[in-house]
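# Tertiary structure, described
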Amino acid sequence: MPRLDGKVVRQAKKISALLPPLLPANRSIERALLELKWIKDELPKDQWHSAVNRRLKLEPLQYILGNQPFGDLNIICEQGVLIPRWETEEWCTRLADLISENACKRLVIVDACTGSGCIPLYLRDNLASADTIYNICGFDISKEAIHLAHRNLLSNRHRKFEESNRVSFQIADISDANIVCKLPVHKIDLVTANPPYIPLSDYKKPVIRGGVEKSVRQYEPQLALIGDVDPYKQLLCNLVKPSQARGFIFEVGYYKQVDFVRKLLDRSWAVGYMNDSAGRVRCVVGWKLDTDLDILERLCDAII
Ligand SMILES: C[S@@+](CC[C@H](N)C(=O)[O-])C[C@H]1O[C@@H](n2cnc3c(N)ncnc32)[C@H](O)[C@@H]1O
């Protein structure tokens, strides 16, 4: 990363003594000013100094402010649990719109690797159509994640569809072959997941060679990030197939993960993928042929 120009640092100091510590993470005075505004808007004055010094060490702003918007939810963020990303929010929005437009009644949805709980809570608030009931269960192997998901459930209580759409969270492990009997649902229609998918070799690379940002490596949990193809096999073999779910949508980081999923399913399944708005492959989507969930095809940029 190029070093910061001394002139920029002096200019920032003239505006506010709180601004220079924000420059390494932001690289420009305009962006640093925006962060300073958020810090001043969201934190009491006696925390501003410590906030900019934490940011100087590249700690993500979401951990410092304690939250991240996800649609119209405000998701509480804490070290130890992954910060929700815009890419995830984007596919959740598209999924919720699709289900709502098609009035799929009484769906049971399981969100594996739920982290902060952002996906179930977003779906609960945005799946809306007449006479529908959605039961959404999120699970994660991490105690910290499930604790935070429960806090997010409580802090987003006032939402509009709380009466008809139910959410629950629990600890469970996708590598457990008996996981389906341990979930509080009788049948599963749709499985969603944003599993850990970054291969260890990429996790270790510098960002300019396609690796992970230093602040992510330093502050976000490895358990949430490092994975590659194994989690997809566990999701299919331990959850989707034994539960007889009719559809799934899994976030991916690489095309090879889409291909891997296709190869694990027989031809009673259709599989496609969805790109994000930055043009990168973002989800692998699957549905049982000749069922109501073949509407998932509409999320796909291509079928494989
Ligand atoms: C990429 S994060 C996704 C978090 C959240 N769904 C989101 O989109 O922000 C992956 C999550 O998978 C969880 N995880 C890792 N291994 C797991 C396993 N074997 N079983 C269940 N969850 C696991 C991690 O704790 C982490 O919360």
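The structure this text deals with has already been given above.
The structure reproduced in this document is the subject of the present report. (Residues numbered from 1 in each chain as written. Predicted model: local features only at pLDDT ≥ 70, side-chain atom pairs only at ≥ 80, totals over all residues. Heavy atoms only, no water.)

### A word on the site of the ligand
Let me state the cut-off plainly: For each residue, the test is whether any non-hydrogen atom lies within 4 Å of the molecule or strand; if one does, the residue is near. Any pair of nitrogen or oxygen atoms within 3.5 Å is treated as a polar contact; in protein, a donor-acceptor pairing is required on top of that, and neighbouring residues in sequence qualify only through side-chain atoms on both sides. Under the convention used here, a 1.4 Å probe and the Shrake-Rupley method define accessible areas, while residue burial counts only the protein chains that appear. Residue polarity is assigned by list, with Asp, Glu, Lys and Arg as charged and Ala, Val, Leu, Ile, Met, Phe, Trp, Tyr, Cys and Pro as nonpolar; anything else, Gly included, falls into the polar class.
In the region of the ligand, 19 residues are neighbours, and Cys113, Asp140, Asp173, Asn194 and Ala224 sit closest. At a separation of 2.9 Å, a nitrogen atom of the ligand approaches a polar backbone atom of Cys113. Residue Asp140 places a side-chain N or O atom 2.6 Å away from an oxygen atom belonging to the ligand. Against a free-state accessible area of 590 Å², the protein chains account for coverage of 94% of the ligand. Residues of the shell around the ligand, tallied by class, amount to 12 nonpolar, 5 polar and 2 charged.

### Examining the pattern of salt bridges
As a reminder of what qualifies: Salt bridges are identified by distance alone: a Lys or Arg side-chain nitrogen within 4 Å of an Asp or Glu carboxyl oxygen. Each helix is a run of H or I in the DSSP string that is no shorter than four residues. Each strand is a run of E no shorter than two, and both are numbered from the N terminus.
Using the criterion set out here, one finds 15 salt bridges in the structure. A salt bridge links Asp228 to Lys256; the nearest nitrogen and oxygen atoms lie 3.1 Å apart. Taken together, the positions of Asp228 in the loop between helix H11 (214–219) and helix H12 (230–243) and Lys256 in helix H13 (residues 255–264) put the pair 28 residues apart, joining distant regions of the chain. Salt-bridge contacts for Asp292 lead to Arg246; the nearest nitrogen and oxygen are separated by 2.8 Å.

### Topic: the sheet that holds strand E4 (residues 134–140)
Put simply, the rule is: Between any two strands, at least two bridges found by DSSP are needed for them to pair. It only takes one pair of heavy atoms within 4.5 Å for two residues to be counted as in contact. Axis definition: a line fitted to C-alpha atoms, over the contacting stretch in the case of helices. Angles run 0 to 180 degrees between N-to-C directions.
Pairing in this open sheet of 8 strands is mixed, and the strands run E5-E4-E3-E6-E7-E9-E8-E10 from one edge to the other. Each edge of the open sheet carries a strand with a single partner, namely strand E5 (165–171) and strand E10 (302–303). As paired strands, E4 and E5 are joined by 7 bridges and run parallel to one another. By the bridge assignment, Gly138 is partnered in E5 with Phe169. The sheet contacts of helix H7 (residues 118–126) involve strand E3 (107–112), E4, E5 and strand E6 (190–193), and relative to E5 the element is tilted by about 170°. Against the sheet, helix H8 (residues 143–155) touches E4 and E5, its axis set at about 155° to E5.

### Focus on the packing of H12 against H13
For clarity, the cut-off: Should the near helix be turned anticlockwise from the far one by less than a right angle, the crossing is left-handed, and should it be turned clockwise, the crossing is right-handed.
Where H12 contacts H13, the axes come no closer than 10 Å and their chain directions differ by 35°. At the point where H12 passes H13, the crossing takes the right-handed sense. In this structure, H12 contributes Tyr232, Lys233, Leu236 and Lys241 to the contact, and H13 contributes Gln257, Phe260, Val261 and Leu264.

### Looking at the environment of Ile119
Quick reminder of the rule: Residue exposure (1.4 Å probe, protein chains only): buried if accessible area is under 20% of the type maximum, exposed if over 50%, otherwise partly exposed.
With respect to the helices and strands, the residue Ile119 is situated in helix H7. According to the relative accessible area criterion, Ile119 is buried, its value standing at 3%. Sequence separation of Ile119 and Lys13 is 106 residues, and the distance between their C-alpha atoms is 41 Å. Those residues within four positions of Ile119 in sequence are excluded, and the remaining contacts are Thr88, Trp91, Cys92, Asp111, Thr192 and Asn194.

### Focus: the pairing of strand E2 (residues 73–76)
In regular strands, side chains alternate between the two faces of the sheet. By the bridge criterion, 4 bridges tie strand E1 (residues 67–70) to E2 in an arrangement that is antiparallel. Paired with Pro69 across the bridge in E2 is Asn74. In sequence, E1 turns back onto E2 through a hairpin of 2 residues, with Gly71 there showing a positive phi of about 60°.

### Re the environment of Trp86
Note on placement: Trp86 falls in helix H6 (residues 86–101). Once the C-alpha coordinates of Trp86 and Leu239 are considered, the two residues, 153 residues apart in sequence, prove to be 26 Å apart. Other than its neighbours up to four places away in sequence, Trp86 contacts Asp276, Ser277 and Ala278. At a separation of 3.4 Å, a polar atom in the side chain of Trp86 contacts the side chain of Glu87.

### Points about the packing of helix H3 (residues 29–42) against helix H4 (residues 48–56)
A pair of packed helices is characterised by two quantities: the angle between their axes and the separation of those axes. For clarity, the cut-off: An angle below 35 degrees is treated as roughly parallel, one above 145 as roughly antiparallel, one from 65 to 115 as roughly perpendicular, and anything else as oblique.
At a closest axis distance of 10 Å, the pairing of H3 and H4 adopts a crossing angle of 140°. In terms of orientation, H3 lies oblique with respect to H4. Between H3 and H4 lies a crossing whose hand is right-handed. Facing Glu35, Leu36, Ile39 and Lys40 of H3, the residues of H4 in contact are Trp48, Ala51, Val52 and Arg55. When its residues are assigned to classes, the contact of H3 with H4 shows 5 nonpolar, no polar and 3 charged.

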